Amino acid sequence: MNNNRLRLKTWLSSLLLIFITTATFSQDAPWSRRMTDSFIARHKDSILVGKNTYARWDYEQGLMLKAIEKVWYRTGEGKYFDYIRKDIDQYVKEDGSIRTYKFADYNIDNIPTGRALLTLYQQTMPGKEKYKKAADLLWKQLEEQPRTKEGGYWHKKRYPNQMWLDGLFMGEPFAAEYSKIFDHPEHFDDIAKQFELIEKYAVDEKTGLVYHAYDESREQQWADKKTGRSPHFWARAIGWYAVAIVEVLDYFPENHPKRAQLISYIQRLAPVLTKYQDKKSGVWYQIVDQGTREGNYLEASASCMFVYALAKASRLGYIPATYATSAKKGFDGIIKNFVEVESDGLLSLNKTVSVGGLGGSPYRDGSYEYYLSEPIRKNDLKGIGPFIFAAVEMEIAAENTVGKGKKVGLDYHFNREFRKDLNGKQEQFHYTWEDRAHSGFWLWGNTFRELGAETVSIPTAPTAENLKGVGVYIIVDPDTKKETAAPNFVEAKDIAAIEKWVKAGGVLVLMANDTANCEIPHFNQLAKVFGIQFTSKNRNMVQGLQFEQGKLNIPAGDPIFKNTSKIYIKELSPLALTGPAKSGLTDDGDIIFGISKYGKGTVFAVGDPWLYNEYTDGRRIDTSFENFEAGKDLAQWLLKQAK
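Thresholds, definitions, all that
- Residues numbered from 1 in each chain as written.
- Predicted model: local features only at pLDDT ≥ 70, side-chain atom pairs only at ≥ 80, totals over all residues.
- Heavy atoms only, no water.
- Helix = DSSP H or I, 4+ residues; strand = E, 2+ residues; numbered from the N terminus.
- Buried < 20%, exposed > 50% of the residue type's maximum accessible area, 1.4 Å probe, protein only.
- Contact = heavy atoms within 4.5 Å.
- Pairing = 2+ DSSP bridges.
- Axes fitted to C-alpha atoms, helices over the stretch in contact; angles between N-to-C directions.
- Parallel < 35°, antiparallel > 145°, perpendicular 65-115°, else oblique.
- Left-handed = near helix turned anticlockwise from the far one by under 90°.
- Nonpolar A, V, L, I, M, F, W, Y, C, P; charged D, E, K, R; others polar.
- Core = buried A, V, L, I, M, F, W, Y, C linked by side-chain atoms within 4.5 Å.
- Salt bridge = Lys/Arg side-chain N within 4 Å of Asp/Glu carboxyl O.
- Phe/Tyr/Trp six-rings, centres within 6.5 Å; stacked < 30°, edge-to-face > 60°.
- Expected span 1.5 Å × (residues − 1).
- Lys, Arg positive; Asp, Glu negative; His and termini not counted.
- Polar contact = N/O pair within 3.5 Å; in protein donor to acceptor, adjacent residues only side chain to side chain.

K.L.:
What am I meant to see in the overall build of the protein chain here?
P.N.:
The helix and strand tally for the protein chain stands at 18 helices and 19 strands. Taking the principal axes of its C-alpha atoms as reference, the protein chain extends roughly 80 × 80 × 50 Å. For the protein chain, the residues scored as buried account for 61% of the 643 residues in total. Sequence-distant contacts in the protein chain: of pairs separated by 6 or more residues, those separated by 24 or more amount to 71%.

Listed below in structure tokens is the structure:
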């Protein structure tokens, strides 16, 4: 009897495990999430590098954390942020020192994980100063990093006079983001110089491919005595370089004189990559230009990097949109040739070369035979990370036509609150696109951008001129006198300009707040034109962490919130409507959302700015609420209304 019970219990446990695994690793989920969840399942407590036998401060760790961050931004699921934070907290001490990191090595491979430090420091949370201190330590390394005579970073202290393509990915995205956040505009010249030197000394004049490295001193055995270049075109090295360009451009100032030059490098490289893309498989070989040579093989990590670089560069307009076709072909080839679904539902990535280097002991001579002698690994992080990068870009590409050519403007005139930024200077914050803390709209803005739209701020009063070309205009929480020293109230001329713009086809979003924190009287004068009024009633008053008090259910088949069933809005002002406005959601007799078709345009109103980061990033409210999904649903609907 006991044995039968034990067998039954074991059978039920096995059945439950299968159910949980199937639910967690659903084949309906996007590739980026499936691979990320598979990675986390295998690396539950820490990121194991090398042969998956040890944990240390390492570039593979930094690569994976950036990949996970991208999935966090795509999903708003707090578990991804928590993984990043918990991993970093195993290394960074309160004084900013970093366990296992050796400053004196001047190893540029130790820099990439610094990007996770910058992500954490920009979030709302206690004790985050240690991340800034640790980032400062890595910045100090870059400031003191040994250089070639022309100013290029040595790859490591023990590799004197050598610039490797890998080093551009290792150092420059962190340097660019740090420079932007902490106001070091002068450093962008130095970032541009690193790329200039690679273009000057490592690019092959005949093929346009880029050699793995060059030795300024010409002393290394692997270095050509005339050019200093290594002998072959290693795919992943070129992949690091391509990814570095598009990542750095995320932070490089729009008005910097060298920005166009950086863009020209990916423009030069893109046709070269597509030329050497294997026509049959869609992916790339380990030695890029020798696909038919005996021993060469299709390699996963480089293929993922090339897909990512081509897809992102084409999406952002650095290269023609036609390159998206090559990226799609490459990604399809990656799925077919490298991705494996295991019996437990987890994804695996095959055919990633474990390493590729030059010099050292035993000596790596950069020969064809050397690159083919390095072991090939399954689920190597240098393949997994770029796969997630590429998958995210392909998922964006599948959605971003809805906002293509459309502009979403956010009011910075009626909502004008200020604080000291991370450098102690005054900055505008609170419901702004730039604000990554819990008070900002950065995450919702990122959703609009990934849907293909351009997000802009409108810092002055609305006029026909500054609303020209804007498809969606969002006004959030106009200031009271207690919030801003000299608030800008909505005036008659503002109302006239906005009414004319909506009538011509504009899409207006009005987000109020509870009556104690929003300048309702003047705002209501604008809303009244469209049959909408924010009432003086406050509802969904949430006590502490009792989030269910802010619950609202979305009925099945809702025309706007198609992928949402439960949302969180606290302390909101219900609406009173007259024609032409209609209710978009009513709960317990209160109108929550109002929709007004006015002329050729549309107005959407709600009594709270409920889509700010605090309630969309998955870190504050419990996972049963779907505010992130609701923000995406609303963004898609608004963009579709925009003419």
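K.L.:
Quick question: what am I supposed to make of the pairing of strand 7 (residues 407-411) here?
P.N.:
It is a general feature of regular strands that their side chains alternate between the two faces of the sheet. The buried fraction of strand 7 amounts to four of the five residues, a majority that puts the element mostly inside the structure. Note that strand 7 and strand 10 (residues 454-458) share five bridges and pair parallel. The partner of Gly 409 across the bridge, within strand 10, is Val 456. Alignment of strand 7 against strand 11 (residues 472-476), held across three bridges, turns out to be parallel. Residue pairing for strand 11: Val 408 is matched across the bridge by Val 472.

K.L.:
Please explain the environment of Pro 462 as it appears in this structure.
P.N.:
In this structure, Pro 462 sits in the loop between strand 10 and strand 11. Exposure remark for Pro 462: the relative accessible area of 2% places this residue in the buried category. Counting along the chain gives 48 residues from Pro 462 to Phe 414, while the straight-line C-alpha distance between them is 9.8 Å. Setting aside chain neighbours within four positions, we find Pro 462 in contact with Phe 414, Leu 467, Tyr 473, Asp 494, Ala 497 and Ile 498.

K.L.:
Is there a simple way to explain the packing of helix 15 (residues 442-450) against helix 18 (residues 627-641) in this structure?
P.N.:
When two helices pack together, their arrangement is given by the angle between the helix axes and the distance between those axes. The geometry of helix 15 relative to helix 18 is characterised by a closest axis approach of 10 Å and an angle of 45° between their N-to-C directions. Classified by the angle their axes make, helix 15 and helix 18 are oblique. Our pair here, helix 15 against helix 18, has a crossing hand that is right-handed. In this structure, helix 15 contributes Leu 443, Trp 444, Thr 447 and Phe 448 to the contact, and helix 18 contributes Phe 628, Gly 631, Lys 632, Leu 634, Ala 635, Leu 638 and Leu 639. Residue composition of the contact of helix 15 with helix 18, by class: eight nonpolar, two polar and one charged.

K.L.:
Can you walk me through the packing of helix 2 (residues 31-42) against helix 14 (residues 381-397) in this structure?
P.N.:
Closest axis-to-axis distance for the helix 2/helix 14 pair is 8 Å, and the angle between their directions is 155°. Relative to helix 14, helix 2 is oriented roughly antiparallel. Both helix 2 and helix 14 take part in a crossing whose hand is left-handed. Residues Trp 31, Ser 32, Met 35, Thr 36 and Phe 39 of helix 2 lie in contact with helix 14, whose contacting residues are Leu 381, Ile 384, Phe 387, Ile 388, Ala 391, Val 392 and Glu 395. Here the residues of the contact of helix 2 with helix 14 sort into nine nonpolar, two polar and one charged.

K.L.:
Would you mind showing me how to read the nonpolar core here?
P.N.:
Soluble globular proteins tend to bury their nonpolar side chains together. Phe 195, Ile 238, Tyr 241, Ile 334 and Phe 387 are the most contacted members of the largest nonpolar core, which totals 141 residues. Non-local contacts of Phe 195, meaning those with residues more than four positions away in its chain, are made with Leu 168, Glu 172, Tyr 241, Ala 244, Ile 245, Val 248, Leu 262 and Tyr 265. Formed by 46 residues, the second largest nonpolar core is a distinct cluster that contains Ala 453, Ile 569, Val 606 and Trp 610.

K.L.:
How do you make sense of the pattern of salt bridges when you look at a structure like this?
P.N.:
For side chains of opposite charge, pairing can occur when their charged atoms come near one another. Scanning the model with the defined rule gives 47 salt bridges in all. Here Asp 82 ties to Arg 85 by a salt bridge, and the two come within 4.0 Å at their closest N and O atoms. Taken together, the residues Asp 82 and Arg 85, both in helix 4 (residues 78-89) and three residues apart, mark about one turn of the helix. A relative accessible area of 24% places Arg 85 in the partly exposed class. Glu 94 is the salt-bridge partner of Lys 130, the closest N and O atoms lying 3.8 Å from each other.

K.L.:
Explain the packing of aromatic side chains to me, please; I cannot follow it from the model alone.
P.N.:
Aromatic ring pairs are defined here through the distance separating the ring centres and the angle between the ring planes. A full pass over the atoms with the stated rule returns 39 aromatic pairs. Between Phe 188 and Phe 252, the ring centres sit 5.1 Å apart and the planes meet at 80°, which makes this aromatic pair edge-to-face. With a gap of 64 residues between them, Phe 188 in helix 8 (residues 187-201) and Phe 252 in the loop between helix 9 (235-248) and helix 10 (259-275) connect regions that are remote in the sequence. Among the residues examined, Phe 188 registers a relative accessible area of 3% and is labelled buried.

K.L.:
Help me understand helix 8 in this model?
P.N.:
At 3.6 residues per turn, the α-helix brings residues three or four places apart onto the same side. In a regular helix each residue adds 1.5 Å, so 15 residues correspond to 21 Å; helix 8 covers 22 Å between its end C-alpha atoms and thus fits that length. Turning to helix 8, its buried residues number three or more, namely His 187, Phe 188, Asp 190, Ile 191, Ala 192, Gln 194, Phe 195, Leu 197, Ile 198 and Glu 199. Here the buried face of helix 8 lies against helix 6 (129-144), strand 1 (162-164), helix 7 (165-181), strand 2 (213-215), helix 9 and helix 10.

K.L.:
In this structure, what is going on with the side chain of Asp 411? I would like to understand it.
P.N.:
One can find Asp 411 in strand 7. It turns out Asp 411 is buried and unbridged, and the closest side chain with the opposite charge, Arg 416, is 8.7 Å from it. Looking at Asp 411, its side chain comes within polar contact range of the main-chain nitrogen of His 413, at 2.9 Å. Within polar-contact distance, the side chain of Asp 411 engages the backbone nitrogen of Asn 415 at 3.2 Å. When residues no more than four places from it in sequence are discounted, the contact partners of Asp 411 are Ile 458, Tyr 473, Ile 474 and Ile 475.

K.L.:
Can you help me understand the pairing of strand 9 (residues 426-429) in this one?
P.N.:
As paired elements, strand 8 (residues 417-420) and strand 9 share four bridges and run antiparallel to each other. The residue bridging Arg 419 from the neighbouring strand is Glu 427, located in strand 9. Hairpin geometry of strand 8 and strand 9 is characterised by an intervening segment of five residues between the two adjacent antiparallel strands and by a positive phi of about 85° at Gly 424.

K.L.:
Honestly, helix 18 in this entry has me stumped. Any pointers?
P.N.:
Relative to the 21 Å expected for 15 residues at 1.5 Å per residue, helix 18 spans 21 Å between its end C-alpha atoms, a close match to the ideal helical length. When we look at burial in helix 18, the residues that qualify are Asn 627, Phe 628, Ala 630, Gly 631, Lys 632, Asp 633, Leu 634, Ala 635, Trp 637, Leu 638, Leu 639 and Gln 641.

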